[in-house]
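# Report on the structure
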Amino acid sequence: MTATITGVGLRTPVGRGAVEVFDALCAGRSGLSRPPEGHPVAESLEVGGFMADIDPRTVVSGPDANTLDRIVVLALLTAGDALADAGIEVGRDVDPVRIAVIVGGVGGMATMEAQVLARGRRGRPAVSPYLLTGILPNMPAARIAIRYGIRGYSSSVGTACASGAQAIADGLRLIRENVADVVLCGASEAPLFPTFADTFGNARALARGWDEPAAASRPFDRRRNGFVLAEGAGLVVLERTAHADARGAAGYADLTGWGATTDAHHPTTPRPDGSGAAECMRRALGDAGIEPSDVDYINAHGTGTKLGDVAEATAIRTVFGAATPVSSTKSLTGHMLGTSGVVEAVTAALAVAHGTAPPTWNLDDPDPACAIEHIRKAPLTEPIGRALSNSFGFGGQNVSLLLGRASTATTRLSR
């Protein structure tokens, strides 16, 4: 049973929607900047991936709007974008019990921080009775289900920076197991608040000391010195291909395989030999029934950390050798945690659709320890039949997704 991506919703530092985001990634338009004046992380971050403020009351009315975390607001907006892009109205185009929603992310910790501080200043009366319904990790999926009348399977995924990719993989499993005809899946992350930024800063995991914010994120470059923290949300409509054809929908790409493993090594650092990531990629290939030589492009997790980039490059060489073209789009978006896996899976899908893969910008001096076939300076323009997208997270979480050309009767060219 095949599954096709028929709708995309993206809200990122480089733009909104499949067209705008993919064009930015190919053109080298960075979404990284200094913190806006007065932003809560102005003293915690040198550079980040920021988006405009959104008043929660424009999305949800009622007394709980003031404690609705940004992850929920972004998820609701992005879900609307994805469903509209797919041309789906729940109840008209899909049975409400045959559509599922899966949203990954770390949860509404910014709102929790604000409430803890408020309680410290004003005591118990400062704590909102609506706190939990604004911050729990399942609330993005639950709020989406409530808004759009989705009555099928619903869940949240908490596999750190792999959560968005894991949500998409879980969506494929639901379709294959005939639990759902349509799955709205992805992630929503809003980590740009002081405590979260400070923990990464104190761990010296963040890029620092760059005169130009756009130069700070440098996956696989010899001068990289950390990742750039960013916010964003991404959801895709994954649909049983026959269901999409029955309603005349056009597909971006098929999701043909997935793999997942755990390093079982360390809470934050990957296995130096990349063996967990390598096995993950092999599982995705096996699930799709293809060989490494059948993959034409790899969108790497590539965050710009010293250890992570080397481990991933080692894993890629182990499975694919050094000939398969590779790039990381975090050089422009920064690291949106679980959302990155969704944006990067969409990038891989569009690379297949258009025969164009964006480069790793800022890769001026490739690290010899990351000896793979980097796409640099300009997009790769050649036929891409299949693409792999990697997402790795704290705890040793590894997820790989394989994308191929859409098998729907009609296909989407989004640009």
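One can find the structure itself at the top, above this paragraph.
Now for a description of the structure that goes with this document. (Residues numbered from 1 in each chain as written. Predicted model: local features only at pLDDT ≥ 70, side-chain atom pairs only at ≥ 80, totals over all residues. Heavy atoms only, no water.)

Quick look at the packing of helix 2 (residues 70-86) against helix 5 (residues 139-148) now. Close contact between helix 2 and helix 5 brings their axes to 9 Å; oriented N to C, the two are set at 45°. Between helix 2 and helix 5, the interaxial angle falls into the category oblique. Here helix 2 runs over helix 5; the crossing is right-handed. For the pair helix 2 and helix 5, the contacting residues are Ile71, Val72, Ala75, Leu76, Ala79, Gly80 and Leu83 in the first and Met139, Pro140, Arg143, Ile144, Arg147 and Tyr148 in the second. Among the residues making up the contact of helix 2 with helix 5, the classes are represented as ten nonpolar, one polar and two charged. (Axes fitted to C-alpha atoms, helices over the stretch in contact; angles between N-to-C directions. Helix = DSSP H or I, 4+ residues; strand = E, 2+ residues; numbered from the N terminus. Parallel < 35°, antiparallel > 145°, perpendicular 65-115°, else oblique. Left-handed = near helix turned anticlockwise from the far one by under 90°. Contact = heavy atoms within 4.5 Å. Nonpolar A, V, L, I, M, F, W, Y, C, P; charged D, E, K, R; others polar.)

Moving on to the pattern of salt bridges. Under the definition given, this model contains 21 salt bridges. The salt bridge involving Arg283 is made with Glu279; its shortest N-O contact spans 3.2 Å. With a gap of four residues between them, Arg283 and Glu279 both fall in helix 9 (residues 275-288), about one helical turn apart. Judged by its relative accessible area of 45%, Arg283 falls in the partly exposed class. The partner of Glu344 in a salt bridge is Lys330, with the nearest N and O atoms 2.8 Å apart. Note that Glu344 is positioned in helix 12 (residues 338-354) and Lys330 in helix 11 (residues 330-333), a separation of 14 residues in sequence. The residues Glu344 and Lys330 share a single accessibility class, namely buried. Linked by salt bridges that have partners in common, Arg218, Asp221, Asp364 and Lys377 make up one network. (Salt bridge = Lys/Arg side-chain N within 4 Å of Asp/Glu carboxyl O. Buried < 20%, exposed > 50% of the residue type's maximum accessible area, 1.4 Å probe, protein only.)

Here we take up the environment of Ser275. Considering the arrangement of structural elements, one finds Ser275 in helix 9. Between the C-alpha atom of Ser275 and that of Gly28, which follows or precedes it by 247 residues, the distance is 32 Å.

As a further point, take the layout of surface pockets. The calculated volume of the largest pocket comes to roughly 850 Å³. Every residue lining the largest pocket is counted, 39 residues in all, and those nearest its centre are Thr268, Thr269, Pro270, Thr305 and Phe394. Those elements that place two or more of their residues in the lining of the largest pocket are helix 7 (194-202), helix 9, helix 10 (306-320) and strand 16 (386-393). Take the lining of the largest pocket: its biggest share by element is five residues, from helix 10. Taken together, the residues of the lining of the largest pocket break down into 16 nonpolar, 17 polar and six charged. Here the second largest pocket is characterised by a volume of approximately 540 Å³. Along its surface, the second largest pocket is lined by 24 residues, and Pro40, Asp53, Arg70, Ala110 and Thr111 are the ones closest to its centre. Counting residues per element, the ones that place at least two in the lining of the second largest pocket are helix 2 and helix 3 (109-122). It is helix 3 that contributes the most residues to the lining of the second largest pocket, four residues altogether. Looking at the lining of the second largest pocket residue by residue, the class counts come to 14 nonpolar, three polar and seven charged. (1 Å grid on protein atoms, 1.4 Å probe; cavity = no way out; pocket = protein on both sides within 12 Å on 5 of 7 lines; lining within 4 Å. Points joined across faces, edges and corners; volume = space filled by probe spheres on them.)

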